[in-house]
Amino acid sequence: MMMMSSNVRELFLSLSVAMLAIGHSLVSAQDVPTADGKAKANDPVAEEAKLLGATRQLTFEGKRSGEGYFSADGSKLIFQSEREQDNPFYQIYLMDLETGDTERVSPGFGKTTCAWIKPDEKKVMFASTQGDPAAREKQKAELDFRASGKERRYSWDYDENYEIYDYDLDSKKYRNLTDAEGYDAEGAYSPDGKRIVFASNRQAYDSELSAEDAKWFEMNKSFLMEIYSMNADGSDVKQLTKAEGYDGGPFFSADGKKICWRRFDREGLTAEVYTMNADGSDQKQLTRLGAMSWAPYFHPSGEYLIFATNKHGFGNFELYLVDSKGEADPVRVTYTDGFDGLPVFSPDGKSLSWTSNRTVEEASQIFIANWDHEKALAMLKVDANPADKPSSNDAPVEIDAPDTSTTVTEISADDLRQHIGYLASDELQGRLTGTPGARAATDYVARAFESFGLVPAGDDGTYFQHFDFTAGVDLGKGNQLTITGSEAVGEPKLNDDWRPISFSNNGPVEPAGIVFAGYGIEIPAGLAGGSDKDSPLYSSYFHLDVKGKWVMVLRYSPEDVEKTERDRFQQFASLRHKALKARQKWAAGIIFVTGPNSKTNSEVVELSFDASLAGSGIPAISVSTDIAKKLLAAAGEDLQELHDVLDKGEMISGINIPDVKLSATIDVLQETRTGRNVLGRLPAGEDGKESAAAPVVVGAHIDHLGAEAGRGSLAKKDELDQIHNGADDNASGSGAVLEIAQLLAAQKADGKLAMKRDAIFATWSGEELGLLGVSHFVKQYAKDHAGGTDARLTGKIAANLNMDMVGRLDKSLIVQGVGSSTYWPGEIERRNVVVGLPLTIQNDTYLPTDASAFYLRGVPILNAWTGSHSDYHTPRDTADKINYEGARDIARFMGLVARGLLISDTAPDYVKVEPPKNKGRGGFRIYLGTQPDYTATEVEGIKLSGVAANGPAEKAGVKGGDIIVSLAGTVLKNIYDLTAVMGEMKADEEVEIKIKRGDKVIEMKITPGSRD
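Residues numbered from 1 in each chain as written. Predicted model: local features only at pLDDT ≥ 70, side-chain atom pairs only at ≥ 80, totals over all residues. Heavy atoms only, no water.

Undergrad: Kindly report on the overall build of the protein chain, identifying the contributing residues and their values.
TA: Per the secondary structure count, the protein chain includes 19 helices and 52 strands. Per-residue burial for the protein chain yields a buried fraction of 58% across its 1012 residues. For the protein chain, long-range pairs separated by at least 24 residues make up 68% of all intrachain contacts whose partners lie at least 6 apart in sequence. Of the roughly 41,000 Å² of accessible surface on the protein chain, 47% is carried by carbon and sulfur atoms. (Helix = DSSP H or I, 4+ residues; strand = E, 2+ residues; numbered from the N terminus. Buried < 20%, exposed > 50% of the residue type's maximum accessible area, 1.4 Å probe, protein only. Contact = heavy atoms within 4.5 Å. Areas by Shrake-Rupley, 256 points an atom, 1.4 Å probe, with all protein chains shown as cover.)

In structure tokens:
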């Protein structure tokens, strides 16, 4: 609402709105002496914390926003923003601070500024050029100018077509309150709503100017601005000021007795803060800083005002306080470089809102913070005495009381404590998918959905959606191992002397010879894993023929080498990789040996499920170190000596063990279990039928790691047998889903939620095992709604809101996936204004959580996360460490986002985002942009659930649903084969890829990208 002389404002706003190009080189903080006498800049965060708390960004959408003013009861905020696609100028928006709903109240064309909410909240007021016959032409001309790629320095346009309008929120009709030629704007209602104070340069148009004044006015349209007042209907206009320079930016005090404003000098170079009585009498100057001091605003107590000044440098505007009598030295409030201005207090005086470009993009937006009134009084040394000081409670305001006859259902920290406490209790034993604890957890959610009135959305009219998965392995009864040609070995005993590997091929293996191949590692030259691009070839198979023979190799990798070498070897040291390499050499089978230098709990490899859903394509067993010693002794070799040499990173010639043959029968049983998602639907219609509009899916995974350390555990040695309760991961997210479902269901039942689309609430199982449950859901949903299990879901699902670990709120909530739709920034703004969470926004859409299953199918996503911590995936992630108030606020925020989606006629657009090129979790130097489908148990190869937009796979022609059967000349049986081959590939070197699509095998060329 604050306007200043055009020549000064041109310079000022080109900085404050266009990122203060020179502001950062100017003085921006008071210098204070240090112990050594040198000047040191104050810490902005610490200094601002003296008066401001919980500072956060309130608006996010559009090119810029500013000038936000509260309604009389503090429940709404009106502000101006450039956010319309077809209008380059400010428009006016009204934000409900209880729901986050935002509506445009200006007509959408022309220029607008300086809005205010009438105290009865039935009307709003703003200045607009909507009556200008050329308004749309000017709008188009500005858009064309910007489309040409040119830029002009930002300056305020004192368009003589600006008039003040009011807008009836019920009838949606506009009324023109001023009709004088000239610029009429900067209006504010009196607390009783009967008068309006505003600024105008109308006298320049309706009076005869001296030659000098006419010249000044030609250069500077704000030169003859004065302050006026009028009735709320535009009648009884009275001029209140008459002085050289720009008088503007007027506001009433909370009791309606005073008006504050700022006055520029004739040249428009400096401005000071003034007050006067409401009738224009007793005009008094409060500041004498000799700078641009402007945008004053009364605290509701009447004790002091807040204003902006650039006393620390032309481009650096900071907020200051001055007492209402102007007797004390002004007190500094903000210390952040750049623009801080247009401050306003909430009606209760407990919050401060202002416009600042302290954003990541350095674009002006509205911020809000808690305000310490008592500290402000102390810093100003004002002795507050309510008996003789004006109070906002004494204001003669006539406002209809708000309707409080209905009760609003709230998300509750106590309810979250109950949900999380149960889900993370020892009774549920860590909720590992397919276990009784997981069934109990999903039963709990299903009962809750039923109590909320959600419609079952699972299988056969139930809340459960079932899926089968491989949960583990066991030994069958047919395992047998025979070694002939070495009497020293004897008859090996199962589990003591030998054991099959879980990924081994099953069945009989004919007798075959044995060769020893060291560590069984082969690393192409130049793959050092570090900066050494000239690293030499390392091969355990150098001049060794293993075709048709068993290959005996050591587990792990060389230990007595430099760290860079160790890292190099470890990339190729997994059992899976070694099995692949032996298979590529046409070995009959592979034998793993722990060796004398490796200390393990068991010499033979434990039979454990490694999450693979396919075999390795080769028989694989492990034998004890004693068996291996005896076999090598038959060849005149000593295993200890060989192990010592190999641990130094040296290569040795392979060793053929003469006259010894090994035959086996391998019988490994895979244990299949059933997991289940819980699905409940809140229908938009009253008949319970599915809406034709794409639904919103709100979900979180409910599973965790189980009763003891297993796959993914980061437990310490003394914690391995303890329950991994998973309170934050992810009982917190599941609890949030329950609270959101209950809230929205209650609002619909109370007639407070006019839904345009259904909501599907879900808790996913199998996330910790590889996104199993959510992958099953999207495949089934695609089959039912998009014509096939591999179909994209753009337009079939409006959006996915996911909550994965929302229980440890500390500094900020991390909101991920924002880049997946242009819809999110504005929606985040609208909804968080209600809750007030400190946010960290991340555009990344390729996330290691359930949301990725939706994004790769073309669905916009938003994921809430409070960050990792030292208790992650350990038994220490317990319910007593949850920040329940923080989790409540996150659930409120995500619930409001869901609500906004449900009441919207249009779904968010889907935006393809380039995959991140940082080093991946697997440590690969290259990336392909493929997303494996970990639930595809029935295929040989790697089935893809999706491919990254513009990634190498998509560019090669690979699609979601394809099965990779070969890469770089290597046949792929499973995901481990794929990662092994990727470890040997180089960026920007084209290789062949074969995929199976339907019944056809298609050959393509793919060029891996670099992750560095």
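Alright, that's what it looks like, and here's the rest.
Undergrad: Any details on the packing of aromatic side chains? Residues and values, ideally.
TA: All told, the structure shown has 30 aromatic pairs when counted by the stated rule. Plain terms: the ring middles of Tyr 69 and Trp 116 are 5.2 Å apart, the flat faces sit at 40° to each other, and that makes the pair tilted. With Tyr 69 in strand β4 (residues 64-70) and Trp 116 in strand β8 (residues 112-117), this residue pair connects regions lying 47 residues apart in the sequence. Each ring, one from Tyr 304 and one from Phe 345, has its centre 6.1 Å from the other, and the planes form 80°; the classification is edge-to-face. With a gap of 41 residues between them, Tyr 304 in strand β21 (residues 304-309) and Phe 345 in strand β24 (residues 340-345) connect regions that are remote in the sequence. Both residues of the pair, Tyr 304 and Phe 345, belong to the buried class. (Phe/Tyr/Trp six-rings, centres within 6.5 Å; stacked < 30°, edge-to-face > 60°.)

Undergrad: Give me the lowdown on the pattern of salt bridges, citing residues and values where you can.
TA: Two side chains carrying opposite charge are able to pair once their charged atoms lie near each other. Enumeration over the complete set of coordinates arrives at 51 salt bridges. Of the charged contacts in the structure, one is a salt bridge between Glu 829 and Arg 83, with a shortest N-O distance of 2.8 Å. Residue Glu 829 is located in helix α15 (residues 824-835), and its partner Arg 83 is located in the loop between β5 (76-82) and β6 (91-96); the two are separated by 746 residues in the primary sequence. Arg 83 carries the same exposure label as Glu 829, and that label is buried. When salt bridges that share partners are traced, they join Glu 61, Arg 83, Asp 101, Glu 827, Glu 829, Arg 830, Arg 831 and Arg 899 into one network. (Salt bridge = Lys/Arg side-chain N within 4 Å of Asp/Glu carboxyl O.)

Undergrad: Go over the pairing of β21 with me, naming the residues and quoting the values.
TA: Of all six residues in β21, six are buried; the element is thus mostly enclosed. Burial along β21 is two-sided: Tyr 304, Ile 306 and Ala 308 and Leu 305, Phe 307 and Thr 309, pointing in opposite directions, are all buried. Of the pairings in the sheet, the one linking strand β20 (residues 293-298) to β21 comprises four bridges and is antiparallel in character. The residue bridging Phe 298 from the neighbouring strand is Leu 305, located in β21. Between β20 and β21, which follow one another and run antiparallel, lie five residues, and Gly 302 among them has a positive phi close to 80°. As defined by bridge partners, β21 adjoins strand β22 (residues 318-323) across six bridges and the pair is classed as antiparallel. (Pairing = 2+ DSSP bridges.)

Undergrad: Explain the nonpolar core to me, using residue names and the numbers behind them.
TA: Within soluble globular proteins, side chains that are nonpolar tend to cluster in buried spots. Counting 158 residues, the largest nonpolar core has Leu 321, Trp 371, Phe 449, Phe 761, Leu 801, Met 803 and Trp 824 as the members making the most contacts within it. With 11 residues, helix α17 (residues 884-902) is the single largest residue contributor to this core. Counting 38 residues, the second largest nonpolar core, distinct from the first, contains Leu 481, Ile 521, Leu 554 and Ile 621. (Core = buried A, V, L, I, M, F, W, Y, C linked by side-chain atoms within 4.5 Å.)

Undergrad: Any details on the packing of helix α7 (residues 413-423) against helix α8 (residues 436-452)? Residues and values, ideally.
TA: Where α7 meets α8, the closest approach of the two axes is 10 Å, and the angle between their N-to-C directions is 155°. When the axis of α7 is compared with that of α8, the two are roughly antiparallel. Of α8, the residues touching α7 (which contributes Gln 418, His 419, Tyr 422 and Leu 423) are Ala 440, Ala 441 and Tyr 444. Residue classes in the contact of α7 with α8 are distributed as five nonpolar, two polar and no charged. (Axes fitted to C-alpha atoms, helices over the stretch in contact; angles between N-to-C directions. Parallel < 35°, antiparallel > 145°, perpendicular 65-115°, else oblique. Nonpolar A, V, L, I, M, F, W, Y, C, P; charged D, E, K, R; others polar.)

Undergrad: Break down a negative patch on the surface for me, with residues and values.
TA: There is a patch of like negative charges on the surface, built from Glu 559, Asp 560, Glu 637, Asp 638, Glu 641 and Asp 644. In this structure, Glu 641 sits in helix α12 (residues 639-647). Relative accessible area serves as the criterion here: at 54%, Glu 641 is assigned to the exposed category. (Patch = residues over 30% accessible without salt bridge, like charges linked within 9 Å, V, L, I, M, F, W, Y side chains within 5 Å. Lys, Arg positive; Asp, Glu negative; His and termini not counted. Charge placed at Lys NZ, Arg CZ, Asp CG, Glu CD.)

Undergrad: A description of the confidence of the model for the protein chain should follow, citing residues and the corresponding values.
TA: For the protein chain, per-residue confidence averages 86 on the pLDDT scale, and residues scoring 70 or more make up 89% of the total. The low-confidence segment residues 1-41, where pLDDT is below 50, has 132 contacts with residues more than four positions distant or belonging to other chains. When the criterion is pLDDT under 50, residues 384-408 qualifies, and its contacts beyond four places in sequence or with other chains add up to 32 contacts. (pLDDT = per-residue confidence, 0-100.)

Undergrad: Can you lay out α17 for me, pointing to particular residues and giving the numbers?
TA: End to end, α17 covers 26 Å across 19 residues, agreeing with the expected 27 Å (1.5 Å per residue, within 8%). Burial analysis of α17 places 16 of its 19 residues in the buried class, which makes it a mostly covered element. (Expected span 1.5 Å × (residues − 1).)

Undergrad: Tell me about the packing of helix α13 (residues 727-749) against α17, residues and numbers included.
TA: Relative to each other, α13 and α17 sit at 45°, their axes nearing to 9 Å. What the angle tells us is that α13 and α17 run oblique. Every pair of crossing elements has a handedness; the one defined by α13 and α17 is right-handed. On the side of α13, the interface is formed by Ala 736, Ile 740, Leu 744 and Gln 747, while α17 contributes Ala 891, Met 894, Gly 895, Ala 898, Arg 899 and Leu 902. Taken together, the residues of the contact of α13 with α17 break down into seven nonpolar, two polar and one charged. (Left-handed = near helix turned anticlockwise from the far one by under 90°.)

Undergrad: Give a detailed account of unusual backbone geometry, specifying residues and quantitative values.
TA: Glycine aside, the phi torsion of most residues is negative, and most peptide linkages are trans. The omega torsion across Asp 729 and Asn 730 is 0°, close enough to zero to call that bond cis. Phi at Glu 67 takes a positive value of approximately 50°, unusual for a residue other than glycine. With respect to the helices and strands, Glu 67 occurs in strand β4. In this structure, Tyr 556 is a non-glycine residue whose phi angle is positive, near 70°. On the basis of relative accessible area, Tyr 556 is assigned to the partly exposed category, the value being 33%.

Undergrad: How would you summarise the sheet that holds strand β29 (residues 480-484) if you had to cite specific residues and measurements?
TA: Ordered by their spatial adjacency, seven strands build an open sheet running β29-β37-β31-β34-β35-β36-β30, and the pairing between neighbours is mixed. On the outer flanks of this sheet lie β29 and β30 (498-500), each paired with one strand and no other. Pairwise comparison of adjacent strand axes, ignoring direction, gives a mean angle of 30° for this sheet. Looking at chain direction, β29 and strand β37 (residues 655-666) are connected through five bridges and run antiparallel. Each bridged residue has a counterpart across the sheet, and for Thr 482 the counterpart in β37 is Ser 663. The strands touched by helix α11 (residues 625-633) are β29, β31 (507-516), β34 (550-554), β35 (589-593), β36 (620-623) and β37; relative to β37, the strand with the most contacts, the crossing angle is about 140°.

Undergrad: How would you sum up the environment of Ser 812? Please name residues and give values.
TA: Looking at the element boundaries, Ser 812 is found in the loop between β41 (799-803) and β42 (813-816). When the C-alpha positions of Ser 812 and Ile 841 are compared, they lie 9.7 Å apart, and in sequence the two are 29 residues distant. With near-sequence residues (within four places) excluded, Ser 812 lies in contact with Pro 838, Leu 839 and Thr 840. Side chain to side chain, Ser 812 and Thr 840 meet in a polar contact 2.8 Å long. (Polar contact = N/O pair within 3.5 Å; in protein donor to acceptor, adjacent residues only side chain to side chain.)

Undergrad: Give me the side chain of Asp 889: which residues, what numbers.
TA: One can find Asp 889 in helix α17. We classify Asp 889 as buried; its relative accessible area is 16%. A distance of 3.1 Å separates the side chain of Asp 889 from the side chain of Arg 888, its partner in a polar contact. In contact with Asp 889, other than residues within four places in its own chain, are Val 835 and Leu 837.

Undergrad: Account for the sheet that holds strand β16 (residues 247-252), naming residues and giving values.
TA: With respect to topology, four strands assemble into an open sheet ordered β16-β17-β18-β19, the strand pairing being antiparallel. At either end of the open sheet lies a strand with only one pairing partner, and these are β16 and β19 (284-285). Bridge count for strand β18 (residues 271-277) against β19 is two bridges, and the pairing is antiparallel. Note that in β19 the partner of Tyr 274 across the bridge is Gln 285.

Undergrad: Summarise the environment of Ala 891; cite the residues concerned and give the values.
TA: Take Ala 891: it is sitting in helix α17. The spacing of Ala 891 and Gly 735 is 156 residues in sequence and 8.7 Å in space, taken between C-alpha atoms. Those residues in contact with Ala 891 that sit more than four places away from it in its chain are Ile 411, Ala 736 and Ile 740.

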